[in-house]
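Working through the structure, step by step
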Amino acid sequence: FLLFIFSKILYAKECELDGTQFITQEKCHLAFDNGSIIINGQFENGMINGFAEVYTPEGTENYIGSFINDEYHGYGLLIFDDAAKHLGSWKNGQFRKGIIDYPEAVYTATLHENEKTWGRSAFLFENSEAVYVGEVKSSNFNGEGIRYALKDVAEKEISEGEYEIGVFRDNLFETDYSTELPECEYDLKTGIVTTTDKCFGNEILNELGMELTGVFENQELKLGIFKQSDYLRIGRFNLFTLEGYGFLSSGVDNKNTGYMDNTYYIGEFVEGRLTGYGHYTTKDDLQKYYGEFVNFSKDGFGSEFNLENEPYEFHGIFKEDRFHGYGLMYTLASNGVDLDTKTGFYQNGEYIHDDKDIVYDNWSN
């Protein structure tokens, strides 16, 4: 068995160079530092091919992920000097889909060739003050959407619970569905909508303790806000479950499986469960994750930041909420100032070994 396993492992030799010209053309590993750029990763045909870390001392553009012929391609994380991040799928050097984290907002993104965000998306704004879920064109709110205040912000004259549901144009709220659509009729005892046509319902309560606000069709909430106890869901719905891009705020007594207490989630939901690219942050900001999910579990390529107990930062592959695959772990050194870096393979959350010299064609597997 061991002979079989090790027969599948191909070790890369160190790349040989003549000055700056590559002598080794087959797959090889190179740790390179010329004072202006640091590269640690795999090369082939004299170009970065495979997984690599690329850092600039000024921090203007640091990248961790996969390359094809010197270009970002596949999974990767790009960190800019202002701490902004682009994490997700890259093609021919351009970011295509994933999570963007700017100081003013964290949001899911699908980019066109002109590097503008298009399609449906979910935004969580700075300091978790508000959320937007809806359509985006040319990197602006354009189309149907919901903007909802999560906190009181006195200087902006915003109160928690304020919302706008309707059509946005270039970030401005243009068509208010609460006034433009007919008001839903509903059974006062149960709170169930009786109107079958498209209508707007406000603070509709039923015997199950639900509060539903938004656009109803065929007696069901389709676009809006769903409150139950201290849980909040915003987005498009199918039978009371989020479907497509949405937002979820969990409460203090989580009786639902899958997500954590006191946490905000944004991303793509399938049958009410976060699946695809998404982001979560605990409401105390001590834990954050950007990346891929399957049924609320971290699964795929992602980055996790944890400031509780023994702080760490991890970039790499997850499986069922555990480190599982290639990754980079940063922890505080014993002096409490410097960072220790551990690069290599993980299995079921445990560090296995540093295999920087292994040739791997698909590092995500």
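Just so we're clear, the structure is a prediction, and the values are computed from it rather than from any experiment.

Scanning the protein from terminus to terminus reveals two helices and 29 strands. Once the C-alpha set of the protein is aligned to its principal axes, its extents read approximately 80 × 45 × 40 Å. When burial is assessed residue by residue, the protein has 46% of its 365 residues classed as buried. Residue pairs in contact within the protein that sit at least 24 positions apart in sequence constitute 23% of those at least 6 positions apart. As displayed, the protein offers around 18,700 Å² of accessible surface, 48% of which is attributable to carbon and sulfur atoms. Across the protein, the centroid of the 29 positively charged side chains sits 5 Å from that of the 63 negatively charged ones.

Here we come to a negative patch on the surface. Together, Asp-81, Asp-82, Glu-104 and Glu-126 give the surface a local cluster of negative charge. Mapped onto the secondary structure, Asp-82 falls in the loop between strand S8 (71-80) and strand S9 (85-91).

This part takes up the nonpolar core. In this structure, Leu-150, Ile-234 and Phe-247 are the most contacted members of the largest nonpolar core, which totals 29 residues. Only S8, strand S12 (119-125), strand S13 (130-137), strand S14 (140-149), strand S19 (220-228), strand S20 (231-238), strand S22 (263-270) and strand S25 (297-306) provide two or more residues apiece to this core. Apart from the residues lying within four places of it in its own chain, the contact partners of Phe-247 are Leu-124, Val-131, Val-133, Leu-150, Leu-232, Arg-233, Ile-234, Leu-242, Tyr-264, Tyr-265, Ile-266 and Phe-269. Judged by nonpolar contacts, the second largest core, of 26 residues, contains Ile-204, Phe-226, Leu-248 and Phe-318.

A few words on the pattern of salt bridges. On inspection of all chains with the given rule, the structure shows ten salt bridges. Of the charged contacts, one joins Arg-169 and Glu-174 as a salt bridge, the two residues approaching to 3.0 Å between their closest N and O atoms. A salt bridge links Lys-288 to Asp-285; its shortest N-O distance comes to 3.3 Å. Through salt bridges that share partners, Lys-298, Glu-304 and Asp-321 make up one connected network.

Moving on, we come to the state of the cysteines. Evaluation of the coordinates by the stated rule reveals two disulfides. A disulfide bridge connects Cys-15 with Cys-28, and the sulfur atoms are separated by 2.1 Å. Here the disulfide of Cys-15 and Cys-28 is right-handed, its torsion about the S-S bond being about 95°. One end of the pair, Cys-15, is in the loop between strand S1 (13-14) and strand S2 (17-18); the other, Cys-28, is in strand S4 (residues 28-33), and 13 residues separate them in sequence. For Cys-15, a relative accessible area of 9% gives the class buried. In this structure Cys-28 comes out as buried when scored by relative accessible area, which is 2%.

With that out of the way, let us pick up the pairing of S22. Counting buried residues along S22, six of its eight residues qualify, which places the element largely inside the surrounding structure. Pairing of strand S21 (residues 241-249) with S22, which is carried by six bridges, proceeds in the antiparallel orientation. Along S22, the bridge assignment pairs Phe-247 with Ile-266. Judged from the seven bridges that link them, S22 and strand S23 (residues 273-282) form a sheet pairing that is antiparallel. If you follow Ile-266 over to S23, its bridge partner there is His-279. Hairpin connection, S22 to S23: the antiparallel pair is bridged by two residues, and Glu-271 has positive phi, about 50°.

Here we take up the pairing of S8. Direction of pairing for strand S7 (residues 61-68) relative to S8: antiparallel, over a ladder of seven bridges. The residue of S8 that forms the bridge with Ile-68 is Glu-71. The sheet contact formed by S8 and S9 spans six bridges and is antiparallel. Bridge assignment links Gly-74 to a residue of S9, and that residue is Trp-90. Between the antiparallel neighbours S8 and S9 lie four residues, among them Ala-83 with a positive phi of about 75°.

The next subject is the environment of Leu-17. Counting through the fold element by element, Leu-17 comes out in strand S2. Residues Leu-17 and Gly-46, spaced 29 residues apart in sequence, show a C-alpha to C-alpha distance of 9.3 Å. Other than its neighbours up to four places away in sequence, Leu-17 contacts Phe-22, Ile-23 and Leu-30.

Of all residues in the protein, 92% attain a pLDDT of 70 or more, and the chain-wide mean is 88. Element-level pLDDT for the protein is lowest in helix H1 (residues 2-7), with a mean of 37, against a maximum mean of 98 in strand S15 (residues 163-169). Throughout residues 1-9 the model reports pLDDT below 50, and contacts reaching past four residues in sequence, or to other chains, amount to one contact.

With that out of the way, let us pick up unusual backbone geometry. The phi angle at Glu-157 is positive, at roughly 55°, despite the residue not being glycine. Within the element layout of this structure, Glu-157 appears in the loop between S14 and S15. Classification of Glu-157 by relative accessible area gives exposed; the value is 72%. Unlike most non-glycine residues, Asp-321 shows phi in positive territory, near 75°. Relative to the assigned elements, Asp-321 resides in the loop between strand S26 (312-319) and strand S27 (322-332). Accessibility expressed as a relative area gives 37% for Asp-321, which makes it partly exposed.

The rules behind these values
- Residues numbered from 1 in each chain as written.
- Predicted model: local features only at pLDDT ≥ 70, side-chain atom pairs only at ≥ 80, totals over all residues.
- Heavy atoms only, no water.
- Helix = DSSP H or I, 4+ residues; strand = E, 2+ residues; numbered from the N terminus.
- Buried < 20%, exposed > 50% of the residue type's maximum accessible area, 1.4 Å probe, protein only.
- Contact = heavy atoms within 4.5 Å.
- Areas by Shrake-Rupley, 256 points an atom, 1.4 Å probe, with all protein chains shown as cover.
- Lys, Arg positive; Asp, Glu negative; His and termini not counted.
- Charge placed at Lys NZ, Arg CZ, Asp CG, Glu CD.
- Patch = residues over 30% accessible without salt bridge, like charges linked within 9 Å, V, L, I, M, F, W, Y side chains within 5 Å.
- Salt bridge = Lys/Arg side-chain N within 4 Å of Asp/Glu carboxyl O.
- Core = buried A, V, L, I, M, F, W, Y, C linked by side-chain atoms within 4.5 Å.
- Disulfide = S-S within 2.5 Å.
- Pairing = 2+ DSSP bridges.
- pLDDT = per-residue confidence, 0-100.

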